[in-house]
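The primary structure of each chain is shown beneath.
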Amino acid sequence: MNKRNVSRMLAGLVTLILLAAVLYQIPFIHDRLAWRVTNARAQIKYALSPPEEEIFIPGDYQGQIEAIVSATLKALTPTAAPTQTPTPDPQITPSFTPSPTLEPTPLPTQVLLPGIQHEYQKWNNCGPANLSMSLTYWNWDGSQLTTAPYLKPNPRDKNVMPYEMVEFVNQETELRALTRIGGTQDLLKRLLAAGYPVILETGFEDPRENTDFEGWMGHYEIVNAYDDQEEKFYIQDSFLGPKISSTYTNLQDRWRAFNYTWILTYPPEKEEEVMNLLGPFQDPDYAHRQAAEIASQEIFTQSGRSKFFAWFNRGSSLVALDDYAGAAAAYDQAFGVYAQLDEEERPWRMMWYQTGPYWAYYYTGRHYDVLDLATKTINASFEPAIEESFYWRARSKEALGDISGAISDLQEALKWNEHFSAADFHLNRLLNQ
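The structure displayed is predicted, hence computed values, not measured ones.

Caption draft 1: Structural view of the overall build of the chain. Along the chain, the regular secondary structure elements total 18 helices and 7 strands. Put simply, the chain has 433 residues, and 51% of those count as buried. At a minimum sequence separation of 6, the contacts of the chain that also span at least 24 residues come to 67%. Accessible surface computed for the chain: about 20900 Å², of which carbon and sulfur atoms make up 53%.

Laid out in C-alpha cells, this is it:
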C-alpha cells in the first residue's frame, strides 16, 4: 500500500471519528447512547477494582469504639422489669418523648390519586424526574428538563439530595415542599387519603433479568395509591414505569435504607391542611427523634444488610439532633456490620447519597476517618462525581493543616455542582484569608 492510500485512510478515519463526535452531541443520539457509554466505562472500572471489596474501618479508636458501643447497646436493651425504664446515657442516646398518636380518623382501605404525568428518567436523572412528576400533580407546567439544570448543573453528578429538591420547589415555583425522616406507613396512607402523593427515597435493585444495572443504589419514587386488601402500595417509578406495585413489607425494607425519608409537595393555600395532617411531624426535631427511635428498635429486630441500615439510620438521626459522639458510635457499629456482609450484599454506593458519617467524625475531631472514608468513596466510583465527599475531605484537610489540599478538593466539589453554596463559601474564605 503506497503512502497516498495510507494518508487517505488516515484522513478518512479521522473524519469518521470527528463525525461520530459531532453526532454524539446531538441530544436525541446523546440521550440514547450516553448511559451505555458511561455504563461500559463503569463495568470496566468495577471489574478491575470491585468496589464491594473495599471496606472502611474506623481508625485508631478501637478501645473507645468498644466502650461506646457497649454503652449504647446497654442503653438500648429493654429492661426485664416492666415497671422500670432505664435511664439512657446522655452522651450516647438523646432522651425520647413518647410518640404522639395521630388523629385516629378511619382510613379508606383503598386510595388512588390520578393526575401525575409519568416520565421515564433520562440518564442519571432520577431526582429531577421524580420531582417534576410530583409537581405535575399540582398542574405545574414543566418536566425533568426544567428541574435538572437547577438540581444537577453537571448531569454526571451522582445524586440529588432531598433538601435540594425542596429548595427548588420553594425558590423556583409557586408551590411548596418539605422533607422529613422517620416516616411511617400509617402517615403515608393518611397523606394519600387526604390527596397528597408522596416522594420516597429508597434503596433500589433492578428486578429485571439481563439488566445492565447491577447492585444496590439509591432511588426516588412517588407513591400515589395503596390497597389494604392486597397489602400493596402503587408507585410511579421513573425507571421501571407507571403503576409499579410494592408490597407493604417490600416498601418498608427499601425505605429503611434512607431512614424513611419522604418529600411532600403542595400548593401554598393548602399549608394549614398539610400542617394539620402532619401533626407532630410539623417539627423536624420530632421527626429526628422518631427516626432514632425506629432505628433503635430495628437494631435488635433486623439482621444482615437491614441491620447495617438500622445502625446507619441511628447515626444519621443523632447527627440531626447534634449528638455527634452518639452518632459516631452508631456509624462505627454500622461499618462493623457492613464488613461482615457478603460482598454482593454490600450497599457500597451508600456514601454517594448520605453524608452523616462525615458530620459525625468531623465534629468529634476524627479527621483521619473523614479523609479515609471520603477517599475510599471517591476512589471506588468510576467517575468521582460526588461533591459532598470532596467537600468533607476538604474540611478535614483544612483542620489538619493541608490548606492547598482543601482548596483543591473544594474546587473539585464545585466542578461537580456549581450550586454547592457551602463549598463556594469555604473556597472563597480560604482563597482570601
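Once the structure has been displayed, the description carries forward.
Caption draft 2: Examining the packing of aromatic side chains more closely. Applying the stated criterion to the full structure yields 31 aromatic pairs. Summarising the aromatic geometry, the rings of W359 and W392 are spaced 5.0 Å apart at their centres and angled 55 degrees between planes, so their arrangement reads as tilted. Here the residue W359 occupies a position in helix α14 (residues 356-362), and W392 occupies one in helix α16 (residues 387-399), the gap between them amounting to 33 residues. Residue W392 is classed as buried on the basis of its relative accessible area of 4%.

Caption draft 3: Region of interest: the confidence of the model for the chain. Averaged over the chain, the pLDDT score is 85; the fraction of residues at 70 or greater is 77%. Below pLDDT 50 for its whole length, residues 60-75 participates in 21 contacts with residues either more than four positions away or in separate chains. Scored below 50 in pLDDT, residues 77-99 shows 34 contacts in the model against residues more than four places distant or in partner chains.

Caption draft 4: Just the side chain of D237, in detail. Structurally, D237 is set in strand β5 (residues 232-237). Buried and unpaired, D237 has no salt bridge, with R254 as the nearest side chain of opposite charge at 6.1 Å. In this structure the side chain of D237 is engaged in a polar contact, spanning 3.2 Å, whose partner is the side chain of H219. A polar side-chain atom of D237 sits 2.8 Å from the main-chain amide nitrogen of L240. Apart from residues lying up to four places away in sequence, D237 is in contact with H118, H219, E221, P242 and I244.

Caption draft 5: Fine view of a negative patch on the surface. On the surface, a cluster of negative charge is made up of E53, D342, E343 and E344. Within the secondary structure, D342 sits in the loop between α12 (324-340) and α13 (350-353).

Caption draft 6: Main features of the nonpolar core. Ranked by size, the top nonpolar core spans 54 residues in total, and within it F308, F312, Y331 and Y361 carry the most contacts. Among the elements that line this core, the one with the most residues is α12, at 9 residues. Sequence-distant contacts of F312, defined by excluding residues within four places in its chain, comprise Y331, A334, F335, M350, M351, Q354 and P357. Core analysis: the second largest hydrophobic core is formed by 49 residues, Y260, W262, I263 and L264 among them.

Caption draft 7: How the structure looks around the environment of N139. Turning to its location among the elements, N139 is positioned in the loop between α4 (126-136) and α5 (144-151). Owing to a relative accessible area of 71%, N139 belongs among the exposed residues under this scheme. Distance in space between the C-alpha atoms of N139 and Q117 is 9.4 Å, their sequence separation being 22 residues.

Caption draft 8: The arrangement of the environment of Y226 in detail. On the secondary structure map, Y226 appears in strand β4 (residues 217-227). For Y226, a relative accessible area of 2% translates into the label buried. For Y226 and L192, which are 34 residues apart along the polypeptide, the C-alpha to C-alpha distance reads 8.2 Å. Those residues in contact with Y226 that lie beyond four places of it in its chain are L107, P108, T109, Q110, V111, K189, L192, A193, K232, F233 and Y248. Among the polar contacts made by the side chain of Y226, one reaches the main-chain carbonyl oxygen of P108 at a distance of 2.6 Å.

Caption draft 9: Looking closely at helix α10 (residues 284-301). Taking 1.5 Å per residue, 18 residues should reach 26 Å; α10 reaches 26 Å between its end C-alpha atoms and fits that length. What α10 keeps buried is the set Y286, A287, H288, Q290, A291, A292, I294, A295, S296, E298 and I299. By the N-cap criterion, in which a side-chain oxygen at the helix start approaches the backbone nitrogen of a residue two or three places on, α10 is capped by D283, the distance to D285 being 3.0 Å.

Caption draft 10: The arrangement of unusual backbone geometry in detail. For N259, which is not glycine, the phi dihedral falls at a positive 60 degrees. Classification of N259 as buried rests on a relative accessible area of 3%. With a phi angle near 60 degrees, Y260 is a residue other than glycine that sits in the positive phi range. Relative to the assigned elements, Y260 resides in the loop between α8 (248-256) and β7 (262-266).

The rules we used
- Residues numbered from 1 in each chain as written.
- Predicted model: local features only at pLDDT ≥ 70, side-chain atom pairs only at ≥ 80, totals over all residues.
- Heavy atoms only, no water.
- Helix = DSSP H or I, 4+ residues; strand = E, 2+ residues; numbered from the N terminus.
- Buried < 20%, exposed > 50% of the residue type's maximum accessible area, 1.4 Å probe, protein only.
- Contact = heavy atoms within 4.5 Å.
- Areas by Shrake-Rupley, 256 points an atom, 1.4 Å probe, with all protein chains shown as cover.
- Phe/Tyr/Trp six-rings, centres within 6.5 Å; stacked < 30°, edge-to-face > 60°.
- pLDDT = per-residue confidence, 0-100.
- Lys, Arg positive; Asp, Glu negative; His and termini not counted.
- Salt bridge = Lys/Arg side-chain N within 4 Å of Asp/Glu carboxyl O.
- Polar contact = N/O pair within 3.5 Å; in protein donor to acceptor, adjacent residues only side chain to side chain.
- Patch = residues over 30% accessible without salt bridge, like charges linked within 9 Å, V, L, I, M, F, W, Y side chains within 5 Å.
- Charge placed at Lys NZ, Arg CZ, Asp CG, Glu CD.
- Core = buried A, V, L, I, M, F, W, Y, C linked by side-chain atoms within 4.5 Å.
- Expected span 1.5 Å × (residues − 1).

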